[in-house]
Amino acid sequence: MDNAADRLIARIRSVGNAVVVGIDPRPSQFPAEIRGRFPETRAGVAESMRAFSEAILDVVAGLVPAVKFQSAFFEEFGPEGVAALHQAAAGARRRGLFVIIDGKRNDIGSTAEAYARGYLGRPPVSEGEGPSWDADALTINPYLGGDGIAPFASVASERGKGLFVLVRTSNPSAGDFQDLVADGKPIYRHVADRLVEWAGPLRGESGYSALGAVVGATYPEQLAELRAAMPGILFLIPGYGAQGGRATDIAAGCDAQGLGAVVNCSRGIIFAFERPDLRARFGDDWRAAVSFAVREMVDDLAANTPMGRLQA
Ligand SMILES: O=C(O)c1cc(=O)[nH]c(=O)n1[C@@H]1O[C@H](COP(=O)(O)O)[C@@H](O)[C@H]1O
């Protein structure tokens, strides 16, 4: 079974950047062309989310290595929304993208097993049935400790899948609990240190583990501290763009070759057509604005972080 970190790094090398396009579909912001096509019923909005996601995937496939689907926006619309997520994730895989489902799941070990089988493995159904979700990677929450992580790590190892564990989140209240000091170090450092232990058995040929960490772009000091404390751990870095994180803040999250991190941007890319400068430039061609925003982010990261070395 191949290793998810190796697979993601191979895609990063092949496209020359480590941008993750975040698909966080907010229907009220969809282009009129898509909004006008579907009724405002639950099923209609879910259909519009599928159509919008597919259009974004058409634009970004071949430009970036990975996409991250924010499950919340799909779950909001019930079973129809979840079905739209399922179809969109399958569409991303068909286009050769590495698919991260952002569900921030976890629970007690025996329940976590079901999440792990569901998102990354196989449910107990007859052989002819495929996996339920077949994501390449899932975001998970470490609050329950080691027995909540173990089932995910075991399925990830068996099935060549990846995990991103919340270590230092990007939100304003991140420090409420994560910064509390226990036994001489903040909680996020405890999580980081345990994660390094959990990640060891999932290390791939690239030197990076399939068990990675979520570290926000909005706390650059902690990002640099965690990079030094967590060699061999891939970082999923959200917070670029709409939350204020800049490329210069992210630079310390990479290794000397420009590897070691993938950088998510959701609103800043998928709704780039709302920007007055891009509206003036591309008019109603909203896909062109999205494509421009991806290239702009790639260039920004290449110019201001070691990720420029990925283009060599
Ligand atoms: O796990 C995540 O992806 C995540 C962790 C975190 O600390 N901060 C964070 O913003 N995210 C997610 O990353 C995305 C950020 O979206 P934008 O702010 O629109 O780029 C959203 O889907 C968030 O739920």
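Residues numbered from 1 in each chain as written. Predicted model: local features only at pLDDT ≥ 70, side-chain atom pairs only at ≥ 80, totals over all residues.

## A closer look at the UniProt feature "domain: Orotidine 5'-phosphate decarboxylase" (unreviewed entry) in the protein
Here comes step 1: In this structure's numbering, the residues bearing the UniProt feature "domain: Orotidine 5'-phosphate decarboxylase" (unreviewed entry) are residues 18-282.
Here comes step 2: For the annotated span residues 18-282, helix accounts for 42% and strand for 19% of the residues, and the straight-line distance between the end C-alpha atoms is 26 Å. (UniProt positions renumbered as here; feature names shortened; annotations may be inferred. Helix = DSSP H or I, 4+ residues; strand = E, 2+ residues; numbered from the N terminus.)

## Details of the UniProt feature "active site" (unreviewed entry) in the protein
Here comes step 1: UniProt's entry tags Lys104 with the feature "active site" (unreviewed entry), counted in the numbering of this structure.
Here comes step 2: In this structure, lysine 104 sits in strand β3 (residues 98-105).
Here comes step 3: Residues within four places of lysine 104 in sequence aside, it is in contact with Thr139, Ile140, Asn141 and Leu166. (Contact = placed C-beta atoms within 7 Å.)

## Section: the sheet that holds strand β8 (residues 209-215)
Here comes step 1: Here we have 8 strands rolled up into a closed barrel, ordered β1-β2-β3-β4-β5-β8-β9-β10, and parallel in their pairing. On average, adjacent strands in this sheet sit at an angle of 30° to one another, irrespective of strand direction.
Here comes step 2: Here strand β5 (residues 162-168) runs beside β8; their pairing, made up of 5 bridges, is parallel. If you follow leucine 163 over to β8, its bridge partner there is leucine 211. (Pairing = 2+ DSSP bridges. Axes fitted to C-alpha atoms, helices over the stretch in contact; angles between N-to-C directions.)

## Let's talk about the site of the ligand
Here comes step 1: Around the ligand, 20 residues are found, and the nearest of them are Thr169, Ser170, Pro238, Ser266 and Arg267.
Here comes step 2: Put simply, the parts of the chain that give the shell around the ligand at least two residues each are β10 (261-265) and α12 (267-270).
Here comes step 3: When its residues are assigned to classes, the shell around the ligand shows 4 nonpolar, 13 polar and 3 charged. (Near = placed C-beta within 6 Å. Nonpolar A, V, L, I, M, F, W, Y, C, P; charged D, E, K, R; others polar.)

## A closer look at the environment of isoleucine 34
Here comes step 1: Inspection of the secondary structure puts isoleucine 34 in helix α2 (residues 32-35).
Here comes step 2: For isoleucine 34, a count of 17 C-beta atoms within 10 Å puts it in the partly exposed group.
Here comes step 3: Each C-alpha atom of the pair isoleucine 34 and serine 173 lies 35 Å from the other, and the pair is 139 residues apart in sequence.
Here comes step 4: With residues up to four places along the chain from it excluded, the contact list for isoleucine 34 reads Ser48, Ala51 and Phe52. (Buried ≥ 20, exposed ≤ 12 C-beta atoms within 10 Å, placed from the backbone.)

## A few points about unusual backbone geometry
Here comes step 1: Positive phi is not limited to glycine here, since lysine 104 has a value of about 45°.
Here comes step 2: The backbone phi angle of aspartate 183 is positive, close to 50°, even though this residue is not glycine.
Here comes step 3: Looking at the secondary structure, you find aspartate 183 in the loop between β6 (181-182) and β7 (185-186).

## Section: the pairing of β8
Here comes step 1: Among the 7 residues of β8, 7 are classified as buried, and the element is accordingly described as predominantly covered.
Here comes step 2: Where β8 meets strand β9 (residues 233-237), 3 bridges bridge the pair, whose relative direction is parallel. Across the sheet, residue serine 209 finds its bridge partner in β9, namely isoleucine 233.
Here comes step 3: Since β8 and β9 lie parallel, the crossover through helix α10 (residues 220-229) that links them has a hand, and here it is right-handed. (Right-handed = clockwise from strand over helix to strand, strands pointing away.)

## Concerning the pairing of β3
Here comes step 1: Burial analysis of β3 places 7 of its 8 residues in the buried class, the great majority of the element.
Here comes step 2: Pairing of strand β2 (residues 66-70) with β3, which is carried by 5 bridges, proceeds in the parallel orientation. In the sheet register, alanine 66 faces β3, and the bridge partner there is phenylalanine 98.
Here comes step 3: In this sheet, strand β4 (residues 137-140) lies alongside β3 in parallel orientation, the contact comprising 3 bridges. Among the inter-strand pairings, isoleucine 100 is bridged to a residue of β4, identified as alanine 137.

## Here we look at helix α5 (residues 78-94)
Here comes step 1: Between the first and last C-alpha of α5 there are 25 Å, a value that for 17 residues agrees with the 24 Å anticipated at 1.5 Å per step.
Here comes step 2: For α5, the set of buried residues is Gly81, Ala84, Leu85, Ala88, Ala89 and Ala92. Seen along its axis, α5 keeps its buried residues to an arc of 135°; they face one direction. Exposed residues on α5 whose side chains face more than 90 degrees from its buried face are Pro79 and Arg94.
Here comes step 3: Among the structural elements, β1 (19-23), α3 (42-60), β2, α4 (71-75) and β3 are those in contact with the buried residues of α5.
Here comes step 4: Once α5 ends, the next one or two residues include glycine 96, with phi positive near 85°. (Expected span 1.5 Å × (residues − 1). Arc of directions from axis to C-beta.)

## Some points on the packing of α3 against helix α14 (residues 286-304)
Here comes step 1: Between α3 and α14, the shortest axis-to-axis distance is 9 Å and the interhelical angle comes to 50°. Our classification of the angle between α3 and α14 gives oblique. As α3 packs across α14, the resulting crossing turns out to be right-handed. The segment α3 lies against α14, with Ala55, Ile56, Val59 and Val60 engaging Arg287, Val290, Ser291 and Val294.
Here comes step 2: Here the contact of α3 with α14 is composed, by residue class, of 6 nonpolar, 1 polar and 1 charged. (Parallel < 35°, antiparallel > 145°, perpendicular 65-115°, else oblique. Left-handed = near helix turned anticlockwise from the far one by under 90°.)

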